[in-house]
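Structural features, examined
If you want the building blocks of each chain, they are given just below.
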Amino acid sequence: GEMANVGWLNNAGTACVSNTGLAKVNITGGQVGMETDGADMYTGGCVFGGGLGMAGGKTAIVFGNADSTHVSISDSAYIIGSVFGGGDNGHVWRNTDVRVSGGQVGKPNTVEDFLVDEHEQLARTVYTGSVLGGGRGAGQVNGQFHDTTGRVFGNASVVVSGNAVVRHGVYGGGGLASVGTYTITDGIPVFNEGTGLTKVTVSGGIIGPTKGDLTSS
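Residues numbered from 1 in each chain as written. Predicted model: local features only at pLDDT ≥ 70, side-chain atom pairs only at ≥ 80, totals over all residues. Heavy atoms only, no water.

In this section: a nonpolar patch on the surface. Together, Val-200, Val-202 and Ile-207 line one region of the surface with nonpolar side chains, adding up to about 230 Å² of accessible area. Take Val-200: it is sitting in strand 17 (residues 198–202). In this structure Val-200 comes out as partly exposed when scored by relative accessible area, which is 39%. (Patch = residues over 30% accessible without salt bridge, like charges linked within 9 Å, V, L, I, M, F, W, Y side chains within 5 Å. Areas by Shrake-Rupley, 256 points an atom, 1.4 Å probe, with all protein chains shown as cover. Salt bridge = Lys/Arg side-chain N within 4 Å of Asp/Glu carboxyl O. Helix = DSSP H or I, 4+ residues; strand = E, 2+ residues; numbered from the N terminus. Buried < 20%, exposed > 50% of the residue type's maximum accessible area, 1.4 Å probe, protein only.)

Our next topic: the nonpolar core. Counting 16 residues, the largest nonpolar core has Ile-73, Val-83 and Val-131 as its most contacted members. Setting aside chain neighbours within four positions, we find Val-131 in contact with Val-83, Val-98, Val-100, Val-105, Val-158, Val-166, Gly-169, Val-170 and Tyr-171. (Core = buried A, V, L, I, M, F, W, Y, C linked by side-chain atoms within 4.5 Å. Contact = heavy atoms within 4.5 Å.)

To continue, consider the pairing of strand 4 (residues 68–73). Of all six residues that make up strand 4, five are buried, and the element is covered over most of its length. Here strand 1 (residues 22–27) runs beside strand 4; their pairing, made up of six bridges, is parallel. Its bridge partner being in strand 4, Lys-24 is matched across the sheet by His-70. (Pairing = 2+ DSSP bridges.)

Turning next to the pairing of strand 16 (residues 188–191). Pairing of strand 15 (residues 182–185) with strand 16 involves four bridges; the strand directions are antiparallel. Following the sheet pairing, Ile-184 is matched in strand 16 by Pro-189. Linking strand 15 to strand 16, which pair antiparallel, is a turn of two residues; within it Asp-186 sits at a positive phi near 55°.

Rendered as structure tokens:
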């Protein structure tokens, strides 16, 4: 949900009550987003398994949470932006499962997409045409990214198969967002057992620009 949870949180606000909080997204057709450039290309047209939250502190803990997510993109679906198993700054307490077996993620690449500076290329890769098992942690507090924003606290799985077309990349983790929980030991983060595993399986489809894409806009 938008600033809302899927499922019932426990009294500590750190997990969902058993048998609640599963969010499923299944897109088999239609178009998500508009083929426009400018600021909207980074904010519109994305698909999230989790919710829309806010960065930092209690706000991130209370709002935009789900227990686990399942995202499926297939058939003739056309996603202008990117597909995330996690939330947009919101949390997923357990695991995410993303499956792209058809359709298209991202609009066709042009030569200009590869002539911009490295920061612009990173933004385009994360926000358009990619599939990510984790969430998007773009929110900031006082100009700083928050370490739990968009986090998947368990594990993340991504499967690309069939005739899927993914214009940029496939990532097991998130976009500026972590997968798993960890403790700091001697200044080094050590992931807690049973968390932080990302798995990517590709058995079909096309990933990256195709020869017909690279035309001047």
